Amino acid sequence: MKLDVTMMLTNLPLLYATAPAPVTVVEDDGTGVLPPELRAWLVKLRLLEGVPFANLVVDTELLPEESIRWFYLDRRWTDALVQGALSVGTVNSDDRVQLSSRYEQVRDELDAEELNVRRAPDRPRLGGAVEAVSGFILRSRAVSGWPGLHVRAFTSDPAQADDATYPENDPNRMRLLRLERLAPAVLLCLFDGVPSVVHIAAPRQGVTFGFGLGSQAGGLAATMLP
């Protein structure tokens, strides 16, 4: 039996100055306690989408220009955030009892779905659950100057110079849970776990030309390679 979430879906966006981005409907095998739309919405909420910036950085002096702040995400805080959001749909004591009795199932479903929030549609679903969430908030002109900054996190410093060669499924590379610009010069990033090394790099974009040299009567001939 699923939770009755008609009122929840109607009233949840009213709780926040900015509602989370439109949800992506996830797979539903009919055994979960949450409808897939609500599950996807709550997962985004646990990753702080829709939470006002003033609740993330309470004073601008805590995030001065050209600074980066590292943090751990308190799972008890995000659990309370989810419980508060779900409580919008409770009208009487029976509703609250039903919600309380099913919250462990709700939390297990969200734990399992959190790993898959950035999964590409053609990739297989990931199992397990996110145990710890860490991240950073970066305020810098580099964020506004290069909107497509690459962020990669590792459990240890990559042995190779070019960390882009490490695929996302490499055991040394940590999964990104969220990477988003909150403002033109402010970048928020959340990791699945606590990284030892984080690489922040400008977008790998550009045009490269190569030439092949060949002999020609009286000299050399250069041919542009495809």
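Because the structure is a prediction, the values reported are computed rather than measured.

(A) Spotlight on the packing of aromatic side chains. Applying the stated criterion to the full structure yields two aromatic pairs. An angle of 45 degrees between the planes, with centres 6.0 Å apart, marks the rings of F136 and F191 as tilted. Taken as a pair, F136 in strand 2 (residues 133-139) and F191 in strand 6 (residues 186-192) lie far apart in primary sequence, 55 residues in all. Judged by relative accessible area, F136 falls into the buried class, the value being 0%. An aromatic cluster is present here, built from W70, F136 and F191 joined pairwise through their rings.

(B) Local environment of the sheet that holds strand 1 (residues 67-72). Pairing is antiparallel across the open sheet formed by four strands, whose spatial order is 1-2-6-5. Here the strands that pair on one side only, and so sit at the sheet edges, are strand 1 and strand 5 (176-183). On average, each strand axis in the sheet is inclined to that of its neighbour by 15 degrees, with strand direction left out of account. Summarising the sheet, strand 1 and strand 2 pair through six bridges and their orientation is antiparallel. Within strand 2, the residue paired with Y72 across the bridge is S134.

(C) Region of the structure containing the pairing of strand 3 (residues 150-154). Counting buried residues in strand 3 gives four out of five residues, a clear majority hidden from the surface. Pairing of strand 3 with strand 7 (residues 197-201), which is carried by five bridges, proceeds in the antiparallel orientation. Paired with R152 across the bridge in strand 7 is H199. Where strand 3 lies against strand 4 (residues 173-174), two bridges are found, and the strand directions are antiparallel. Looking at strand 4, one finds that A153 is bridged to M174.

Cut-offs and rules
Residues numbered from 1 in each chain as written. Predicted model: local features only at pLDDT ≥ 70, side-chain atom pairs only at ≥ 80, totals over all residues. Heavy atoms only, no water. Phe/Tyr/Trp six-rings, centres within 6.5 Å; stacked < 30°, edge-to-face > 60°. Helix = DSSP H or I, 4+ residues; strand = E, 2+ residues; numbered from the N terminus. Buried < 20%, exposed > 50% of the residue type's maximum accessible area, 1.4 Å probe, protein only. Pairing = 2+ DSSP bridges. Axes fitted to C-alpha atoms, helices over the stretch in contact; angles between N-to-C directions.

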